[in-house]
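Results of the structural survey
The lines below spell out each chain.
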Amino acid sequence: MSVQALQQAAESRRSIYVLNKELPISQQEVAQIVEHAIKHTPSAFNSQSTRIVVLFGAEHEKVWDIAANELHKIIPADKFEPTANKLNMFKAAAGTVLFFEDQTVVQGLQVQFPAYAANFPIWSEHTNAMHQYAIWTTLAAARIGANLQHYNPIIDAEIAKTWNIPAAWTLRAQLVFGGIAAPAGEKEFQPVEERLKVFGL
């Protein structure tokens, strides 16, 4: 793959919220994209601490029913409509990828390498973020829209119970994906020269 193709994939990865259930590729191909990412995405000390659950169809919709039920407990009924509308947008999509970090792995590395103990939780988050980006960008290259959500920890307990998630797995993010029903809007960029320094060029 050329440099330009990789850069184009990065540019096409946007937060797309108006999604539907019409995927341009098969569910199996989506699962293979996730499988490739979890195998080849780097991690500190080759820890491979990220865990992923992919949900399609009715299983995907359960995530957003759980979110609605849990948020009903903390948001007044007369103020819930905007939240309900947002959750229904997510539910209208084709699937959700749940990203977790296995704390057993993180804690094991802290014991094995005590000099770096404070850093392993941070590096674990880096690893998870790289998996999120790898999968999101590859889905975009496959013409699948997606947006990344963070309803953890509000939904954690019900998610764990519904899919029998191990207690050591900590939920970090939810990637909603589907067919693109409406494109992303224009994106504003802060000046690159304020965010980048290059020396020795």
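Worth saying up front: this structure is predicted, and the values here are computed from it rather than measured.

Topic: the pattern of salt bridges
- By the definition in use, this model includes eight salt bridges.
- When the shortest N-O distance is used, the salt bridge between Asp102 and Arg51 registers 3.2 Å. Highlighted residues: Asp102 in strand S3 (residues 95-102) and Arg51 in strand S2 (residues 50-56), separated in sequence by 51 residues. For the pair Asp102 and Arg51, one class covers both residues: buried.
- Its salt-bridge partner being Lys91, residue Asp65 comes within 2.7 Å of it at the nearest N-O pair. A residue pair is termed long-range when its members are at least 10 positions apart, and Asp65 in helix H3 (residues 57-72) and Lys91 in helix H4 (residues 81-91) qualify at 26 residues.

Here we look at the packing of helix H5 (residues 103-112) against helix H6 (residues 120-141)
- Two elements in contact, H5 and H6, have axes separated by 9 Å at closest approach and are oriented at 140°. Of the possible angle classes, the one that applies to H5 and H6 is oblique. By crossing handedness, the relation of H5 to H6 is classed as right-handed. Packed against H5, whose contacting residues are Val106, Leu109 and Gln110, the element H6 presents Phe120, Pro121 and Ser124 at the interface.

Digging into the pairing of S3
- Burial runs high along S3: eight of the eight residues are buried.
- Where burial is concerned, the two faces of S3 agree: the one with Gly95, Val97, Phe99 and Glu101 and the one with Thr96, Leu98, Phe100 and Asp102 are both buried.
- One ladder, built from seven bridges, connects S2 with S3; its direction is antiparallel. The residue bridging Val54 from the neighbouring strand is Val97, located in S3.
- Summarising the sheet, S3 and strand S5 (residues 169-180) pair through eight bridges and their orientation is antiparallel. Bridge assignment links Val97 to a residue of S5, and that residue is Leu175.

Notes on H3
- Here H3 spans 23 Å end to end across 16 residues, near enough to the 22 Å set by a 1.5 Å rise per residue.
- All of the buried residues in H3 are His60, Val63, Trp64, Ile66, Ala67, Ala68, Glu70 and Leu71.

Quick look at the environment of Thr162
- Inspection of the secondary structure puts Thr162 in helix H7 (residues 156-163).
- For Thr162, a relative accessible area of 34% puts it in the partly exposed group.
- Sequence separation of Thr162 and Val63 is 99 residues, and the distance between their C-alpha atoms is 9.1 Å.
- Apart from the residues within four sequence positions on either side, Thr162 is in contact with Lys62 and Ile66.
- A polar side-chain atom of Thr162 sits 2.7 Å from the main-chain carbonyl oxygen of Glu158.

Conventions and cut-offs
Residues numbered from 1 in each chain as written. Predicted model: local features only at pLDDT ≥ 70, side-chain atom pairs only at ≥ 80, totals over all residues. Heavy atoms only, no water. Salt bridge = Lys/Arg side-chain N within 4 Å of Asp/Glu carboxyl O. Helix = DSSP H or I, 4+ residues; strand = E, 2+ residues; numbered from the N terminus. Buried < 20%, exposed > 50% of the residue type's maximum accessible area, 1.4 Å probe, protein only. Axes fitted to C-alpha atoms, helices over the stretch in contact; angles between N-to-C directions. Parallel < 35°, antiparallel > 145°, perpendicular 65-115°, else oblique. Left-handed = near helix turned anticlockwise from the far one by under 90°. Contact = heavy atoms within 4.5 Å. Pairing = 2+ DSSP bridges. Expected span 1.5 Å × (residues − 1). Polar contact = N/O pair within 3.5 Å; in protein donor to acceptor, adjacent residues only side chain to side chain.

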